Amino acid sequence: MMFRYLSLATVALSIASVLPAMAQQVAGTPAAETSHLDVDQLFATTCGWCHSDGGRVAGKGPQLMNTKRSDDFIRNRIKHGKEGAMPAFGSTFNDADIDKIIHYIRSLKPDQP
Ligand code: HEC
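**A closer look at the site of the ligand**
- The environment of the ligand is made up of 23 residues, and the closest members are Cys47, Cys50, His51, Arg77 and Met86.
- The contact in question runs from a nitrogen atom of the ligand to an N or O atom on the side chain of His51, over 2.8 Å.
- Here an oxygen atom of the ligand and a side-chain polar atom of Arg69 are 3.0 Å apart.
- One can see that the ligand is located within the largest pocket.
- Listed by contribution, the elements that provide at least two residues to the shell around the ligand are helix H3 (71-80) and helix H4 (95-106).
- Of all the elements, H3 adds the most residues to the shell around the ligand, at 4 residues.

**So, the environment of Asn94**
- Secondary-structure assignment places Asn94 in the loop between H3 and H4.
- Sequence-wise, Asn94 and Leu37 are 57 residues apart; in three dimensions their C-alpha atoms are separated by 9.8 Å.
- Side-chain polar atoms of Asn94 contact the backbone nitrogen of Asp97, separated by 2.7 Å.

**Some remarks on the nonpolar core**
- Core analysis: the largest hydrophobic core is formed by 17 residues, its most contacted members being Phe43, Ile78, Phe93, Ile101 and Ile105.
- Only helix H2 (39-44), H3 and H4 provide two or more residues apiece to this core.
- Counting residues per element, this core draws most heavily on H4, which supplies 5 residues.

**Examining unusual backbone geometry**
- Of note in this structure, Asp53 is not a glycine but carries a positive phi near 50°.
- By relative accessible area, Asp53 is classed as partly exposed at 37%.
- Here Asn66, not a glycine, exhibits a phi torsion of approximately 60°, which is positive.
- Along the polypeptide, Asn66 turns up in the loop between strand S2 (57-58) and H3.

**Examining the layout of surface pockets**
- Within this model, the largest pocket holds a volume of roughly 570 Å³.
- Lining the largest pocket are 26 residues, and of these His51, Pro62, Leu64, Arg77 and Met86 sit closest to its centre.
- Those elements that provide at least two residues to the lining of the largest pocket are H2, H3 and H4.
- A breakdown of the residues in the lining of the largest pocket according to their chemical character gives 17 nonpolar, 5 polar and 4 charged.

**Remarks on the coordination of the iron atom of the ligand**
- Only His51 (NE2) and Met86 (SD) from the protein coordinate the iron atom of the ligand, and they sit 2.0 to 2.1 Å from it.
- For His51, a relative accessible area of 9% puts it in the buried group.
- For Met86, a relative accessible area of 21% gives the class partly exposed.

Cut-off values and rules
- Residues numbered from 1 in each chain as written.
- Predicted model: local features only at pLDDT ≥ 70, side-chain atom pairs only at ≥ 80, totals over all residues.
- Heavy atoms only, no water.
- Near = heavy atom within 4 Å.
- Polar contact = N/O pair within 3.5 Å; in protein donor to acceptor, adjacent residues only side chain to side chain.
- 1 Å grid on protein atoms, 1.4 Å probe; cavity = no way out; pocket = protein on both sides within 12 Å on 5 of 7 lines; lining within 4 Å.
- Sits in = over half its atoms within 2 Å of the grid points.
- Helix = DSSP H or I, 4+ residues; strand = E, 2+ residues; numbered from the N terminus.
- Core = buried A, V, L, I, M, F, W, Y, C linked by side-chain atoms within 4.5 Å.
- Buried < 20%, exposed > 50% of the residue type's maximum accessible area, 1.4 Å probe, protein only.
- Points joined across faces, edges and corners; volume = space filled by probe spheres on them.
- Nonpolar A, V, L, I, M, F, W, Y, C, P; charged D, E, K, R; others polar.
- Donors = N, O, S within 2.8 Å, 3.2 Å for Na, K, Ca; no water.

Here it is in C-alpha cells:
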C-alpha cells in the first residue's frame, strides 16, 4: 500500500518536472521551423534596395539568380552580413525563414520579355 502511494507520488513528481521543460522548449524556440515570411515582399523592399529586380540583377549588391554559392554560404551571408557591404539579418529571420529565402533564390528565373 505504501509502495503504491509512493510510486504514484513519483509519477506525479516526474510529470511536474517534465512539464516546465516542455513549456520552455515551446517558448524557447520561437516559431520553430515555421516561416510566415513573404519573400517576394521582402525582395520588393528590404533586400531589393541592393539586390535589384527581385535578385535577378546586380544593384549595390550582386545578382543572386544563378548564384554558384552554397546554401551554407548564403545562410551565413544573410545571418551575418558583410561589414561595410550588407547588413546582418540574423536576428530578423529564423532558420525556416532563411530556408525559404534560399529556396526563393534558387528558383529565380529571368524576367519574361
Ligand atoms: C545595403 C545593401 C544590401 C542589402 C539591404 C542586402 N544586401 Fe545582400 N549583399 C549586399 C552586398 C554588397 C553583397 C556582397 C557582399 C560581398 O562582398 O561578399 C551581398 C551579398 C548577398 C548574398 C551572397 C551573394 C553572393 O554571391 O556572394 C546573398 C545571398 C544576399 N546578399 C542576400 C540578401 C538578402 C536575402 C537580403 C535581404 C534580407 C539582402 N541580401 C539585403 C548588399 C545588400
